[in-house]
Amino acid sequence: MSRFPGKRLPPHWVYIPSRREIRDLLRTLNADYRRVEFGGTGSCPNSVSLLLGYVQTHVVDGAWRFYLRLWGVPEAVVNNYRDELAHAALDAIGRSTKDCLASRPTDVSKSTQTLLRFGIQADGIVCKCSTRPIDQYSFSAGRWWEDERRSDDA
């Protein structure tokens, strides 16, 4: 399994889900996650939603390749919802991966990004995740799928 490189967070910031939770999830998925990065702090959450990161998909040589990027969030924002938010994010990552794996990859399959966006409301977590083809407004993940050794050496 590939390493999980990342940046150290400032005090009172956390990655949701945690590295251990991501490792456990990826062990259960039969997917080629070329890279998983924990990329420092995200943007400040707003009153509408909290963006935890994204899953990017790409087809190479007739097979799906996946990339996951997560950003840290302030502990004060997630308060007592940490476990519920982590569970919702893991479900969204798993669902996004399984949806891709359920369809046959072709060289004309469009690369996509699934934004891991959630709302925290008084009655719990609301999933606001969305998947869209990669365009000029997407987050840049570089060309992570090109080099077979890239994920193992990171």
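The paragraphs below set out a description of the structure included in this document. (Residues numbered from 1 in each chain as written. Predicted model: local features only at pLDDT ≥ 70, side-chain atom pairs only at ≥ 80, totals over all residues. Heavy atoms only, no water.)

## Topic: the pattern of salt bridges
As a working rule, side chains carrying opposite charge can pair if their charged atoms are close by.
Item 1. Applying the stated criterion across every chain, the model contains seven salt bridges.
Item 2. Two residues, Glu21 and Arg82, come together in a salt bridge whose shortest N-O distance is 3.1 Å. Taken together, the residues span a long stretch of sequence, with Glu21 in helix α1 (residues 19–28) and Arg82 in helix α3 (residues 82–102) at a distance of 61 residues.
Item 3. On the basis of relative accessibility, which here comes to 23%, the residue Glu21 falls in the partly exposed class. (Salt bridge = Lys/Arg side-chain N within 4 Å of Asp/Glu carboxyl O. Helix = DSSP H or I, 4+ residues; strand = E, 2+ residues; numbered from the N terminus. Buried < 20%, exposed > 50% of the residue type's maximum accessible area, 1.4 Å probe, protein only.)

## Structural notes on the packing of α1 against α3
Item 1. Packing of α1 against α3 leaves a shortest axis separation of 11 Å and a crossing angle of 30°. The interaxial crossing formed by α1 with α3 has right-handed handedness. Of α3, the residues touching α1 (which contributes Glu21, Ile22 and Leu25) are Arg82, Ala86, Leu90, Ile93 and Gly94.
Item 2. Of the residues contributing to the contact of α1 with α3, the split by class is five nonpolar, one polar and two charged. (Axes fitted to C-alpha atoms, helices over the stretch in contact; angles between N-to-C directions. Left-handed = near helix turned anticlockwise from the far one by under 90°. Contact = heavy atoms within 4.5 Å. Nonpolar A, V, L, I, M, F, W, Y, C, P; charged D, E, K, R; others polar.)

## Some details on α1
Item 1. Within α1 the residues assigned to the buried category are Ile22, Leu25 and Leu26. Take α1 and look down its axis: the buried residues cluster within an arc of 95°, on one side only. Projecting away from the buried face of α1 at angles above 90 degrees are the exposed residues Arg20, Arg27 and Thr28.
Item 2. Among the structural elements, β2 (33–41), β4 (63–74) and α3 are those in contact with the buried residues of α1. (Arc of directions from axis to C-beta.)

## Description of the environment of Cys100
Item 1. Along the chain, the position of Cys100 falls in helix α3.
Item 2. Judged by its relative accessible area of 10%, Cys100 falls in the buried class.
Item 3. Cys100 sits 42 residues away from His58 along the chain, and the two C-alpha atoms are 9.7 Å apart.
Item 4. Here Cys100 is in contact with Thr57, Trp64 and Phe66, once residues within four sequence places are set aside.

## As for the packing of aromatic side chains
Item 1. Under the counting rule described, the total for this entry stands at six aromatic pairs.
Item 2. Taken together, a centroid distance of 5.0 Å and an interplanar angle of 75° make the contact between Tyr15 and Phe38 edge-to-face. Taken together, the residues span a long stretch of sequence, with Tyr15 in strand β1 (residues 13–15) and Phe38 in strand β2 at a distance of 23 residues.
Item 3. On the accessibility criterion, Tyr15 (12% relative accessible area) is buried.
Item 4. Judged by relative accessible area, Phe38 falls into the buried class, the value being 1%.
Item 5. For the pair Tyr54 and Trp71, a centre-to-centre distance of 5.7 Å together with 50° between the ring planes defines the contact as tilted. Placement of the pair is Tyr54 in strand β3 (residues 50–60) and Trp71 in strand β4, with a sequence separation of 17 residues.
Item 6. Overall, Trp71 belongs to the buried group, its relative accessible area being 13%.
Item 7. One aromatic cluster is present, formed by Tyr54, Tyr67, Trp71 and Phe139 through successive ring pairs. (Phe/Tyr/Trp six-rings, centres within 6.5 Å; stacked < 30°, edge-to-face > 60°.)

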